[in-house]
Amino acid sequence: MVTSNKKILVGSAMVLPVLVWMFVILYYSVNVPWYDDFDPFPDFLRHWIANDSFFDNLKLLFKPNNEHRMVIGKLVTLLYFKLTGTLNFTFLHIAGACFTLGTLTLFWLAFKKNNVKWWYFLPVPFLLFQLQYHLVFLWAICSLQHQPVIFFVCLSMFLLSRNRFGWAVFAGLCATYAMSNGIFVWVAGAVVLVLRTSYRQLLLWLLAGVIAVGFYFYGLSAQGNESSMAFFIKYPHLSVLGFFAFLGGLFDLFPEKSIFARSVLPVLMGFTVMIWIATWLLRQIVPWLKSTLNWPRTIPAWLKTDSPQQNETKSLNEFLLGILVFLLVNAFVIGLLRPRFGFFVMIVSNYKMYPALFLIVAYAVFITSSVRENIRQRVFLLSITLSIGIWVMSIFTYLPGIAERRKYLLVNAFNQEHEAFGLGHVPFSEGARYVDVLMKNMVDSGVYKYPLEPSVLAKKAFAITTSISDGENISITTSDNSFLINDPEGEISWNRYDGEYAFVRNSQRFYFFKMTAHKYTGRNPFRQYDTGSGVEIPFATLKPGEYDLGIAKVLKGKTTGGVLKRITIP
């Protein structure tokens, strides 16, 4: 029996990772687009505003963005625009986060009707609300791709497990048009219906899937995936390792180390967890084989279930089975198509929601299975220790990078606003010109406003007239193509306002560059950054002229720094 005080303690522990996650989003989010954000958000709105035709706007909603049709993300953008007349990327981050809160709710609803004790749910929020996938919840395009697709896949499987077939199909359609991997929801649902022997519903489900997927791929290009197959034939072992690394990606605890050092633990843990998952899957499949094909004639003892499943347990198993099939198919496709871009893609931040979900499902299928209570308690203690350990360690290893990225985006937004480059494209390239024209249109029409924070910092940096003293040991190295500035005493800060920047200025122009912390190269695996910071400033980013080159340091609201030297760009 759990006392009221213990209930409050466990309940508070469940809420803690959610509150920390939401705080990180609100504290570090910045209203700035980045790289792939331009096509589905500002460019989409620009064309939407210019069009009067209903059918032209409908085409805009379904227009592909790279290999994705982001109908859900565009509808969220439109909703905010209709309410406010503006585009705000922080809102898009928050909107994406709401889908993940919805995913947690679905797991709780599926879990609480089972006959296990409610506090066994405790590891789930610690696994789900990780800072490791910050490139999902703090990058608008990923925020409104990965989080909605996971929510709608889970919702579809939840409804299917509760025999609400029509709504499950609708949720499957929403998953399909949230992101390209949403098409795997039809595979997941088909497996659930086959094992349930609901063959009439299976035919309807497959028919809906064929129509949805057929329309999804209508007019889409291959996106270079044919070269991925050639790469797989040449390096098949990378796809096998990539499959396990993807599933074990939450064990990528040292994001600034070499890719080999980072990927060893994810591969090992992904493989280890898959042993249990494979066993559980066989326990779901073998009874169907026995009843349908009368094979195998004798079921091995380790594949037998202890008792007939109650309705609640059967519903939960179907829910978890559908999500698991989705995750495994997703991991298979990623392992097949993505290694050609580099093995780091298997554990990149914007894929980390999927291994988090994989561990949640692996834990849930064990904790709700027919095992002795003492074994269940031991697995719970192991799981809560592991989940809290990953969560805490991820805060210390990922949060500094999150803080640095916010500052990087802000100064690049300043460069974009005033010097026509900065937000993810090579300066003065065709892509940079497209972004410049697009963002000026958004600003002139009143749809978007750049953040004021970097402009305030620029004014303070412009007021710096003193020279850096020799005693500060800040060095400048000039190569054929760039300046390299190094401050051996620079330190990384979690504070969103503190930071160190290089600037290049004259009476007409002002360029900002974020100085990044030096990476630690010693033996301590838990240390990510070393003392010191630096930045490389390519000549190609600067227009011809004479400039002052200097640095500005912000610490606790105070701006210091100085001019390093006078430079000439021919």
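No experiment lies behind these values; they were computed from the predicted model shown.

> What's the story with the packing of aromatic side chains in this structure? I'm lost.
To describe a pair of aromatic rings, one takes the distance between the centres and the angle between the planes. Enumeration according to the criterion identifies 51 aromatic pairs in this entry. Ring centres of F483 and F539 lie 4.8 Å apart, and the angle between their planes is 70°; this geometry places the pair in the edge-to-face category. In this pair, F483 is assigned in strand β2 (residues 482–487) and F539 in the loop between β6 (529–538) and β7 (545–555), connecting sequence segments 56 residues apart. When its relative accessible area of 5% is taken as the criterion, F483 is described as buried. Counting every residue linked through ring pairs, the aromatic cluster contains F414, F462, Y501, F503, F510 and F512. Across from the ring centre of Y497, 6.0 Å away, lies the NZ or CZ of R406, which sits over that ring. Here the basic side chain of K514 rests over the ring of Y501, its NZ or CZ set 5.7 Å away from the ring centre.

> In this structure, what is going on with the sheet that holds β2? I would like to understand it.
Picture the strands of a sheet paired through backbone hydrogen bonds; they go either parallel or antiparallel. Read across the sheet, four strands follow the order β1-β2-β6-β5 without closing on themselves; strand pairing throughout is antiparallel. Each edge of the open sheet is held by one strand with a lone partner, namely β1 (475–478) and β5 (516–519). Sheet twist, expressed as the mean angle between neighbouring strand axes with direction ignored, is 35°. Summarising the sheet, β1 and β2 pair through four bridges and their orientation is antiparallel. Directly across from S475, in β2, lies its bridge partner N486.

> Just checking my understanding: could you explain the packing of helix α5 (residues 89–112) against helix α9 (residues 146–161) for this structure?
The description of two packed helices rests on the angle between their axes and on the distance between the axes. The geometry of α5 relative to α9 is characterised by a closest axis approach of 8 Å and an angle of 25° between their N-to-C directions. In terms of orientation, α5 lies roughly parallel with respect to α9. For the element pair α5 and α9, the recorded crossing hand is left-handed. Contacts between α5 and α9 involve G96, A97, F99, T100, G102, T103, L106, F107, L109 and A110 from the first element and Q147, P148, I150, F151, F152, C154, L155 and F158 from the second. Taken together, the residues of the contact of α5 with α9 sort by class into 13 nonpolar, five polar and no charged.

> Looking at this model, I keep getting lost on unusual backbone geometry. Mind explaining?
Glycine aside, negative phi is the norm for most residues, and most peptide bonds take the trans geometry. For the bond running from W295 to P296, omega is -5°, close enough to zero to count as cis. Tracing the chain through its elements places P296 in the loop between α15 (259–293) and α16 (311–337). Even without a glycine there, the phi angle at N294 is positive, about 55°. Relative to the elements of secondary structure, N294 occurs in the loop between α15 and α16. Owing to a relative accessible area of 47%, N294 belongs among the partly exposed residues under this scheme. At F428, a position not held by glycine, the phi torsion is positive, near 65°. As for its placement among the helices and strands, F428 is situated in the loop between α18 (373–419) and α19 (430–444).

> Help me understand the packing of helix α10 (residues 165–176) against helix α11 (residues 185–196) in this model?
In contact at an axis separation of 9 Å, α10 and α11 are set at 155° when each is read in the N-to-C sense. One finds that α10 runs roughly antiparallel with respect to α11. Judged by residue contacts, F165, V169, G172, L173, A175 and T176 of α10 engage V185, W186 and L193 from α11. Its residues placed into classes, the contact of α10 with α11 shows seven nonpolar, two polar and no charged.

> What am I meant to see in the sheet that holds strand β3 (residues 499–505) here?
The strand order across the open sheet built from four strands is β4-β3-β7-β8, with neighbouring strands paired in antiparallel fashion. Of all strands in the sheet, those with a lone pairing partner are β4 (510–514) and β8 (558–569), marking the two edges. The sheet shows a mean angle of 20° between the axes of neighbouring strands, taken without regard to direction. Across five bridges, β3 lies against β4 in antiparallel orientation.

> Got a minute to help me understand the environment of Q147 in this structure?
The residue Q147 is located in helix α9 in this model. Q147 sits 150 residues away from R297 along the chain, and the two C-alpha atoms are 44 Å apart. Once residues within four sequence positions are removed from consideration, Q147 is found in contact with W21, G96, A97, F99, T100, V136, F137, C142 and M353. Engagement of the side chain of Q147 in a polar contact is seen with the backbone oxygen of G96, the distance being 3.3 Å.

> Explain the pattern of salt bridges here, please?
Per the counting criterion, the structure on display carries 20 salt bridges. A salt bridge links E67 to R338; the shortest N-O distance between them is 2.5 Å. Note that E67 is positioned in the loop between α3 (54–62) and α4 (71–84) and R338 in the loop between α16 and α17 (353–367), a separation of 271 residues in sequence. R338 shares its class with E67; the two are buried. The salt bridge involving K553 is made with E500; its shortest N-O contact spans 4.0 Å. Of this pair, K553 sits in strand β7 while E500 sits in strand β3, and the two are 53 residues apart along the sequence. The partly exposed category is assigned to K553, whose relative accessible area is 24%. For E500, a relative accessible area of 8% translates into the label buried. A cluster of three or more residues bridged by salt bridges with shared partners is formed by R505, E546, D548 and R566.

> What am I meant to see in α11 here?
Residue pairs three or four apart in sequence face the same way in an α-helix, which turns once every 3.6 residues. Between the first and last C-alpha of α11 there are 17 Å, a value that for 12 residues agrees with the 16 Å anticipated at 1.5 Å per step. Turning to α11, its buried residues are V185, W186, A188, G189, A190, V192, L193 and R196.

> Got a minute to help me understand a nonpolar patch on the surface in this structure?
On the surface, I259, F260, V264, L268 and F344 cluster together into a nonpolar patch covering about 480 Å² of accessible area. With respect to the helices and strands, the residue F344 is situated in the loop between α16 and α17.

> Explain the environment of S12 to me, please; I cannot follow it from the model alone.
Summarising the element assignment, S12 is placed in helix α1 (residues 4–28). When the C-alpha atoms of S12 and A420 are compared, they prove to be 48 Å apart, with 408 residues separating the residues in sequence.

> How should α1 be read in this particular structure?
In this model α1 runs 36 Å from its N-terminal to its C-terminal C-alpha over 25 residues, within 8% of the 36 Å that 1.5 Å per residue would give. Of all the bends in α1, the greatest, near 30°, is centred on V15, and the proline P17 appears no more than four residues after it. Buried positions along α1 lie against α5, α6 (123–128), α7 (134–137), α9 and α18.

> I tried to follow the nonpolar core on my own but got confused; where do I start?
Most often, soluble globular proteins have nonpolar side chains that are buried together. One finds F107, W205, F319 and F358 to be the most contacted residues of the largest nonpolar core, which totals 155 residues. Top element by residues in this core is α17. It accounts for 13 residues. If we skip the residues at most four places from it in the chain, F358 touches L247, V273, M274, I277, L324, L327 and L328.

Rules used in this analysis
- Residues numbered from 1 in each chain as written.
- Predicted model: local features only at pLDDT ≥ 70, side-chain atom pairs only at ≥ 80, totals over all residues.
- Heavy atoms only, no water.
- Phe/Tyr/Trp six-rings, centres within 6.5 Å; stacked < 30°, edge-to-face > 60°.
- Helix = DSSP H or I, 4+ residues; strand = E, 2+ residues; numbered from the N terminus.
- Buried < 20%, exposed > 50% of the residue type's maximum accessible area, 1.4 Å probe, protein only.
- Lys NZ or Arg CZ within 6 Å of the ring centre and 35° of its normal.
- Pairing = 2+ DSSP bridges.
- Axes fitted to C-alpha atoms, helices over the stretch in contact; angles between N-to-C directions.
- Parallel < 35°, antiparallel > 145°, perpendicular 65-115°, else oblique.
- Left-handed = near helix turned anticlockwise from the far one by under 90°.
- Contact = heavy atoms within 4.5 Å.
- Nonpolar A, V, L, I, M, F, W, Y, C, P; charged D, E, K, R; others polar.
- Polar contact = N/O pair within 3.5 Å; in protein donor to acceptor, adjacent residues only side chain to side chain.
- Salt bridge = Lys/Arg side-chain N within 4 Å of Asp/Glu carboxyl O.
- Expected span 1.5 Å × (residues − 1).
- Patch = residues over 30% accessible without salt bridge, like charges linked within 9 Å, V, L, I, M, F, W, Y side chains within 5 Å.
- Areas by Shrake-Rupley, 256 points an atom, 1.4 Å probe, with all protein chains shown as cover.
- Bend = angle between axes of the 7 residues up to and from the residue.
- Core = buried A, V, L, I, M, F, W, Y, C linked by side-chain atoms within 4.5 Å.

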